Amino acid sequence: MHLIVFVTLFLFWDQNLLAQENWYVLQVIGQVDDAELKSAMSYIQQAVPGTSVWYNDSRSNTIGCKSSTEISWPQLIAELRTHDFYMADVTKCRCHFSDVNAVSSIFYVEACYYASHSDNIPEGWIARLNKSEYDALPESVKNFYEDQGNYELVNK
């Protein structure tokens, strides 16, 4: 009986045993320098205290993130995008997102990046967006793709 009470109290007070870790992979879009990376990683750590953030390497151009709390990426990614830092949540691979999460999909972020950095558009590149991602685009980005004709709505 004493052992059960001891184990119960130990587990109750040891937050590390009860805390669930959430792991994320964020794809950086475009060319960024060390100062921009450090600034973005610092912003994430300030926005979500207790979060560990690291840059994987230039080959993958991804940022890793570990947090004891679940992170809602749409707002953080949108804020970084306003400072000309483009990244997308690719934790579950290159997937189309819908609803409020559409702004954190790689397809949405790439479309925004290339609309703002048209000199960097790869030859033959087409923005393939689902309806939620397209609807979430700022009007200026929609206008860019409608004028250029290099977008496609997909059913994903």
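Note: the structure precedes this text.
The paragraphs below set out a description of the structure included in this document. (Residues numbered from 1 in each chain as written. Predicted model: local features only at pLDDT ≥ 70, side-chain atom pairs only at ≥ 80, totals over all residues. Heavy atoms only, no water.)

1. Points about the overall build of the protein
Each helix and strand counted, the protein has seven helices and six strands in total. The buried share of the protein, taken over its 156 residues, is 38%. About 9700 Å² of surface is accessible on the protein, with carbon and sulfur atoms providing 52% of the total. (Helix = DSSP H or I, 4+ residues; strand = E, 2+ residues; numbered from the N terminus. Buried < 20%, exposed > 50% of the residue type's maximum accessible area, 1.4 Å probe, protein only. Areas by Shrake-Rupley, 256 points an atom, 1.4 Å probe, with all protein chains shown as cover.)

2. Focus on helix 4 (residues 73-82)
Among the residues of helix 4, Trp73, Pro74, Leu76, Ile77, Leu80 and Arg81 are the ones counted as buried. Where helix 4 is buried, its residues touch strand 1 (22-29), helix 3 (34-47), strand 3 (62-67), strand 4 (86-89) and helix 5 (106-116). (Contact = heavy atoms within 4.5 Å.)

3. A word on the pattern of salt bridges
According to the stated counting rule, one finds six salt bridges in the structure shown. We note a salt bridge from Asp57 to Arg59, for which the minimum N-O separation is 2.7 Å. Its relative accessible area of 23% is what places Asp57 among the partly exposed residues. Taking the relative accessible area as the measure of exposure, Arg59 reaches 75% and is therefore exposed. Residue Arg94 is joined to Glu110 by a salt bridge in which the shortest nitrogen-to-oxygen separation is 3.3 Å. Separated by 16 residues along the polypeptide, Arg94 in the loop between strand 4 and helix 5 and Glu110 in helix 5 bring together distant segments of the chain. Of the residues examined, Glu110 reaches a relative accessible area of 12% and is grouped as buried. (Salt bridge = Lys/Arg side-chain N within 4 Å of Asp/Glu carboxyl O.)

4. Quick word on the sheet that holds strand 3
Pairing is antiparallel across the open sheet formed by four strands, whose spatial order is 2-3-1-4. In the strand order of this sheet, the two ends are held by strand 2 (52-55) and strand 4, each with one partner. The average angle at which neighbouring strand axes cross in this sheet is 25 degrees, direction not considered. Taken together, the four bridges between strand 2 and strand 3 define a ladder with antiparallel strand orientation. Residue Trp54 lies in a different strand from strand 3, and its bridge partner there is Gly64. Most of the contacts of helix 4 go to strand 4, to which it runs at about 165 degrees, and overall it touches strand 1, strand 3 and strand 4. (Pairing = 2+ DSSP bridges. Axes fitted to C-alpha atoms, helices over the stretch in contact; angles between N-to-C directions.)

5. Thoughts on the environment of Asp84
As for its placement among the helices and strands, Asp84 is situated in the loop between helix 4 and strand 4. Sequence spacing of Asp84 and Gly30 is 54 residues, and the spatial spacing of their C-alpha atoms is 9.9 Å. At 3.4 Å, the side chain of Asp84 and the side chain of His117 are in polar contact. (Polar contact = N/O pair within 3.5 Å; in protein donor to acceptor, adjacent residues only side chain to side chain.)

6. Looking at helix 7 (residues 139-148)
What helix 7 keeps buried is the set Val141, Lys142, Phe144 and Tyr145. Looking straight down helix 7, one finds its buried side chains confined to an arc of 155 degrees; they lie on one side. Within helix 7, the exposed residues directed more than 90 degrees away from the buried face are Glu139, Ser140 and Asp147. Where the residues of helix 7 are buried, they touch helix 5, strand 5 (127-129), helix 6 (131-136) and strand 6 (151-153). Just past helix 7, the residue Gly149 takes up positive phi, approximately 75 degrees. (Arc of directions from axis to C-beta.)

7. A word on the environment of Cys95
On the secondary structure map, Cys95 appears in the loop between strand 4 and helix 5. On a C-alpha basis, the gap between Cys95 and Phe107 in space is 8.1 Å, while along the polypeptide they are twelve residues apart. Leave out the neighbours within four places in its chain, and Cys95 touches Ser105 and Phe107.

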